[in-house]
Amino acid sequence: MSAVVLGAGAWGTTLAWLLARGGQPVRLWSSSEAKRATLRAERKSPAAPVELPDSVEIVDTLADAAQAELLLFAVLPRHVRSLCRELAPHLWPSQQAVHAAKGFAPCGNPVSTVIDQETLLLRIGALGGPVVPDEIWAGQGSAAVVASRYSSVIDAVTDRLASEQMRVYGNRDLAGVEIAGAVRTPIAIAAGMLRGLGLGHAVNAVLLTRGIAEAGRLCEALGADQRTVSGLSGIGDWMLTVADEGDPLVQAGQRLARGGELAHDEAASRVATLVELAEREGVEMPITEGVAAILGGRPAAEVLQDLMTRKARPEFQ
Amino acid sequence: MLRREGIAREPVDDEAVIAELVDDVARRVGSRELDLLINDCCFVEEKRLRGTKDPEELAYRDRLREVRRRLAWASDAELNDLLRELIELYAREIHGHFDARTYANATKVLPRGLALLLKNQKPWLMLRQGLRGNFTLADRIVTSGQTATFDKLVELGTVVLVPTHLSNLDSPVIGFALHQAGLPPMIYGAGKNLFSNWLLSYFMDHLGAYKVDRLKKQALYKEVLKGYSRVALRHRWHSLFFPGGTRSRSGEVEVKLKKGLMGTALEAYQDNLRAGSPRPRLFFIPTTINYHLVLEAETLIDDHLQESGKSRYIISDDEFSKPDRVLNFVRSMMAMENPVEVVFGRPLDPFGNFVDDEGNSLDPHGRPFDPRGYVESGGQVVADAARDREYTGRLGDAIGQAFLRDTVLFHTHVLAAALMRRMRAHHPHLDLYRRLLLGVDARRFPIQEVDAEVRLLQESLMALAERGEVRLGADVVGVTPAELRATALKAFGRYHNERAATEREGVVIVQDARLTLYYANRLEHYPLPAPLPPGGAR
């Protein structure tokens, strides 16, 4: 099955590299003309210093990019809608789409819903899990989860992506994987803050387990399976994040805890979207709301104290 | 051989249809464990028929017993024979009850007969007058929406009409609406129980209804029903399904729909593609049937509350199971308020995409495309039941959204909603069921307070209507809250055993909270602001 990766950041380029192994043809598209030129000339980019095999074709137009049976969206959630609108005239109904965006679109919709709203594509999925591009380029192993209500999407991604280096699991709970991916952002910022405040492993453990609880509540409200949060796209990815000092979101959290700026508009937008969604659904998400409060200017230590002194309650309700 | 004029364009060979149906169902269930399937069928039915004295049912039971006797020693080939025997039995029952000869005359008889119904005629008067009369039904049932597109699609493929379902009168009403709009009649499955009412039975026979025995719970019978739908759609017999499955008990617009019969359309579409049919496409027409007052409102809301409220509600309401309630219900069948508005919505393909006048599916930006790629790979149709369930789910969501968009809200709904919201504002600590049990003193509201709530609803609903999210009756738009209140209260007084609400000395009293809830529920799925605080001041 022919494939195209839309977006040539670190993750998009890594996906193209993984898909192209064994000489299978892959198209790679970037909205940046300069990035396309670099990729074409040097077969690598600053974001992904791994050499792309010849079977990766860099394409300039979306009309060319769309000539594939499987489309992988590796762009930021806020860019998905405009990309879909440009792509839509070139699509046909037998195509399948998967996105790797870890966050909801600014309107509060999951990215899969945005693709559904803007294109004729119906068979849509999401990719999640604890994947570190550097480790992949170094030949280390990892695992990912592909979620879709359509088994043909799971099969297509598994066929193209699974290898000795990459184990791929399927999951029918698309909404759950998207929620787990979205909650990763406040978890990562909070982990960075805890690190910045000099707190130890115990608080990180609390962050992760209570993160599962609040993501689970959102899953329940949105008709997703709470168990998904305990899988690769949830706790699997979050454990990686909490441990990864180099994660940009963790670093941003650290800066915040020390009185600095977030300097990460995308992350701020994702957290705000989650808070709005939680309010709309009547779901309590104290960690996410706490991170939003800090982004709004409240001192991190004060918010942490509020969280620790909330009214006592049973662990499971 | 029977001619199904109006439905099929060519004479239909009934034996060929039955043979096709038997083959279709046998092929689809053939991979299951046949002995279990057949045994389940016999066991369930024999249990149901225990004690029956009906000669027809007794003969049927004996036949099932014979099948069960043979089942014990049946080889694989014999199992197949037994399966086909049972399928054929049900196929003849379903197909055989459809009387196409009387159906051919439907459009001649229906309008006059239905006019009598809608004119509150008493049964004795109807019998005395026969079906003579000079009534203009056109001003009682208003038809609107996408009738021109509908008319074109009928020629381009097979149309599946999917209406909302509030009343047993929906079938004759929709039959008339089709006739009035110059559209072809539809076939549909109607519950066997409906045929026991002489009046309804008359219209059912004339509306292309085939009998569906809802007491038959066995899996095989349901498969034959689905198979019949597939066969009908493959033959381009335009069909009608009530996707809510049954009448809306709560009065709410149905947004969660049953997908069994809807799914047969997608199967028929794929069958058409495989067979190289020149007109393989199927088009769904979401349709809303809107009444000021609903014939069976009291019975339906009672059913709903007993089911959803469980013991909390049943505490003091067993009076509703008294025989006089049943008599009232029968009497009420003869007295329905008018007008009725039928809206034919924008057509959809079996995947939930909008369709244009040429029968093309449209992408979200209105670009036409051929949807066969959703089910094909490499030019071949690929069977995938799980995929098709998802597609049908998407279609169900699209139909639910269309129902909300094309529902017409009348003054009775708005006033009822205003009154329920006043009860909520005054008793926010009580749940719905306890609010319904409040004494009459707690259900009295000054007219100024009611009018303020009505005004808030009018404004909110008009904003929704401007965005195309709902339709409003003429008696909601361009009238003052006081006018709306007065006309709605008058309407409530015309028909129901007990008025939903009345007005006395500057106070509106919720007389029958259940009935008021039923009409208020029509607004349930629309985004509306919170009720005004007690006193009604903004």
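Residues numbered from 1 in each chain as written. Chains lettered and ligands numbered in written order. Predicted model: local features only at pLDDT ≥ 70, side-chain atom pairs only at ≥ 80, totals over all residues.

Re the overall build of chain A
Stated formally: Segments assigned H or I by DSSP are reported as helices when at least four residues long, segments assigned E as strands when at least two residues long, and all are numbered from the N terminus. It is over C-alpha atoms that the radius of gyration is taken, and the globule rule equals 2.2 Å times the number of residues to the power 0.38. Once C-beta atoms are placed from the backbone, each residue is buried if 20 or more other C-beta atoms lie within 10 Å of its own, exposed if 12 or fewer, and partly exposed for counts between those two. The contact criterion used here is simple: two residues whose C-beta atoms, placed from the backbone, lie within 7 Å are in contact.
Broken down by element type, chain A carries 14 helices and 8 strands. The C-alpha atoms of chain A give a radius of gyration of 19 Å, which matches the 20 Å a tight globule of 317 residues would have. In terms of its C-alpha atoms, chain A occupies a principal-axis envelope of roughly 55 × 35 × 35 Å. In chain A, which comprises 317 residues, the share counted as buried stands at 51%. The contacts in chain A between residues at least 6 apart in sequence include a share of 71% that link residues at least 24 apart.

Description of the overall build of chain B
Along the backbone of chain B there are 20 helices and 16 strands. Counting across all 538 residues of chain B, residues that qualify as buried make up 43%. Put simply, 76% of the contacts in chain B that link residues at least 6 apart link residues at least 24 apart.

A word on the nonpolar core
Rules: Connectivity within a nonpolar core runs through C-beta atoms within 7 Å, and the core itself is a set of buried Ala, Val, Leu, Ile, Met, Phe, Trp, Tyr and Cys residues.
In this structure, L6(A), A16(A), L72(A), F73(A), V80(A), V224(B) and L419(B) are the most contacted members of the largest nonpolar core, which totals 227 residues. Ranked by residues supplied to this core, first place goes to helix 8 (residues 174–196) of chain A with 14 residues. What A16(A) contacts, discounting residues up to four positions off in sequence, is V5(A), V26(A), L28(A), L52(A) and V56(A).

Let's talk about the domain arrangement of chain A
All names here are of chain A. Worth spelling out the cut-off: Domain start and stop positions are those given by an automatic or database domain assignment.
Considered domain by domain, chain A is made up of domain 1 (3–172) and domain 2 (175–308). Taken together, the contacts link 21 residues of domain 1 with 22 residues of domain 2. For the side of domain 1 that touches domain 2, the secondary structure elements donating two or more residues are helix 5 (111–118), strand 6 (123–128), strand 7 (142–148) and strand 8 (166–171). The element contributing the most residues to the side of domain 1 that touches domain 2 is strand 7, with 4 residues.

A look at the sheet that holds strand 6 (residues 282–291) of chain B
All names here are of chain B. Stated formally: In this description, strands pair whenever DSSP reports at least two bridges between them. Note on geometry: axes are C-alpha line fits, over the in-contact stretch for helices, and angles between N-to-C directions span 0 to 180 degrees.
Ordered by their spatial adjacency, 5 strands build an open sheet running 1-7-6-2-5, and the pairing between neighbours is mixed. Two strands lie at the open edges of the sheet, namely strand 1 (141–145) and strand 5 (239–240), each paired on one side alone. Here strand 6 pairs with strand 7 (residues 340–344) via 5 bridges, running antiparallel. Within strand 7, the residue paired with Y291 across the bridge is V340. Along the sheet, helix 15 (residues 385–406) contacts strand 1, strand 2 (158–163), strand 6 and strand 7; its crossing angle with strand 6, the most-contacted strand, is approximately 35°.

Describing the interface of chain A and chain B
The partner chain B presents 17 residues to the 14 residues of chain A that form the contact. Secondary structure elements with two or more residues in the side of chain A that touches chain B: helix 5 and helix 7 (151–161) of chain A.

Things to note about the packing of helix 16 (residues 411–426) of chain B against helix 20 (residues 513–520) of chain B
Each packed pair of helices is defined by two parameters, the angle between the axes and the distance between the axes. Residue and element names in this part refer to chain B. Operational definition: Here the word oblique covers every angle except those under 35 degrees (roughly parallel), over 145 (roughly antiparallel) and from 65 to 115 (roughly perpendicular). Should the near helix be turned anticlockwise from the far one by less than a right angle, the crossing is termed left-handed; should it be turned clockwise, right-handed. When residues are grouped by polarity, Ala, Val, Leu, Ile, Met, Phe, Trp, Tyr, Cys and Pro land in nonpolar, Asp, Glu, Lys and Arg in charged, and all others, Gly among them, in polar.
Two numbers describe how helix 16 lies on helix 20: the axes approach to 7 Å, and their chain directions differ by 120°. With respect to helix 20, the element helix 16 is oriented oblique. As for the relative orientation of helix 16 and helix 20, their crossing is left-handed in sense. Residue-level inspection shows T412, H413, A416, A417, L419 and M420 of helix 16 in contact with helix 20, the latter providing T516, L517, Y519 and A520. Taken together, the residues of the contact of helix 16 with helix 20 sort by class into 7 nonpolar, 3 polar and no charged.

What about the sheet that holds strand 4 (residues 70–73) of chain A?
Paired through their backbone hydrogen bonds, the strands of a sheet run either parallel or antiparallel. Residues and elements named next belong to chain A. Sheet architecture is open: 8 strands sit in the order 3-2-1-4-5-6-7-8, paired in mixed fashion. Every interior strand has two partners, whereas the edge strands, strand 3 (56–59) and strand 8, have only one. Neighbour to neighbour, the strand axes of the sheet diverge by 25° on average, direction disregarded. Where strand 7 meets strand 8, 6 bridges bridge the pair, whose relative direction is parallel. Across the sheet, S142 pairs through a bridge with M166, a residue of strand 8.

What to know about the packing of helix 8 of chain A against helix 13 (residues 286–295) of chain A
Residues and elements named next belong to chain A. At a closest axis distance of 9 Å, the pairing of helix 8 and helix 13 adopts a crossing angle of 65°. As for the relative orientation of helix 8 and helix 13, their crossing is left-handed in sense. Contacts between helix 8 and helix 13 pair V183, P186, I189, A190 and M193 from the former with I287, T288, V291 and I294 from the latter. Residue classes in the contact of helix 8 with helix 13 are distributed as 8 nonpolar, 1 polar and no charged.

So, the environment of H365(B)
Residues and elements named next belong to chain B. Take H365: it is sitting in the loop between strand 8 (361–362) and strand 9 (368–369). Residue H365 is classed as exposed on the basis of its C-beta count, with 12 C-beta atoms lying within 10 Å. Separated by 14 residues in sequence, H365 and G379 have C-alpha atoms that sit 26 Å apart.

Overview of helix 12 (residues 260–275) of chain B
A turn of α-helix holds 3.6 residues, and therefore any two residues three or four places apart point the same way. All names here are of chain B. Put simply, the rule reads: Given a helix with a known number of residues, its expected span is that number minus one, times 1.5 Å.
When the terminal C-alpha atoms of helix 12 are compared, their 23 Å separation across 16 residues agrees well with the 22 Å that a helix rising 1.5 Å per residue should span. Those residues of helix 12 lying buried are L261, M262, G263, T264, A265, L266, E267, A268, Y269, Q270 and N272. Turning to helix 12, the residues buried within the fold contact strand 2, helix 11 (219–234), strand 6, strand 11 (380–381) and helix 15. With its phi angle positive at about 70°, G276 sits one or two positions after the end of helix 12.

A closer look at the environment of R405(B)
All names here are of chain B. Relative to the assigned elements, R405 resides in helix 15. Given 20 C-beta atoms within a 10 Å radius, R405 is considered buried. Apart from residues no more than four positions distant in its own chain, R405 is found in contact with G468, E469 and V470.

A look at the confidence of the model for chain B
Residues and elements named next belong to chain B. As a reminder of what qualifies: Confidence of the predictor at the level of single residues is captured by pLDDT, which takes values from 0 to 100.
Across chain B, the average pLDDT comes to 83, with 80% of residues at or above 70. Looking across chain B, the model is least confident in helix 14 (residues 323–332), with a mean pLDDT of 40, and most confident in strand 8, with 98. Confidence over residues 310–337 falls short of pLDDT 50; this stretch has 30 contacts with residues more than four positions distant or in other chains. Scored by ipTM, the complex comes to 0.90, with pTM at 0.88.

Brief notes about the domain arrangement of chain B
For chain B, the domain assignment lists domain 1 (14–96), domain 2 (143–166 + 238–295 + 333–404) and domain 3 (408–523). The centre of domain 1 of chain B, based on its C-alpha atoms, is set 52 Å off from the matching centre of domain 3 of chain B.

Here's the deal with helix 19 (residues 481–495) of chain B
Residues and elements named next belong to chain B. Our working definition: This arc is built from the directions going out from the helix axis to the C-beta atoms.
For helix 19, with 15 residues, the first-to-last C-alpha span of 22 Å sits near the 21 Å given by 1.5 Å per residue. All buried positions along helix 19 are accounted for by P481, L484, R485, A488, A491 and F492. The buried residues of helix 19 occupy an angular sector of 135° when projected down its axis, which confines them to one face.

Observations regarding the environment of R210(A)
As for its placement among the helices and strands, R210(A) is situated in helix 9 (residues 201–221). Considering only alpha carbons, one finds R210(A) and V98(A), 112 residues apart in sequence, at a separation of 29 Å.

A few points about the pairing of strand 5 (residues 96–99) of chain A
Residues and elements named next belong to chain A. Where we set the bar: When the strands point away from the viewer, a crossover counts as right-handed if the route from the first strand across the helix to the second turns clockwise.
Here strand 5 shows two buried faces, one formed by Q96 and V98 and the other by A97 and H99. Pairing geometry for strand 4 and strand 5, over 4 bridges, is parallel. Counted as the bridge partner of L72 is V98 from strand 5. What joins strand 4 to strand 5 is helix 4 (residues 77–87), and the crossover it makes is right-handed. For strand 5 and strand 6, the ladder comprises 4 bridges, and the chain directions are parallel.

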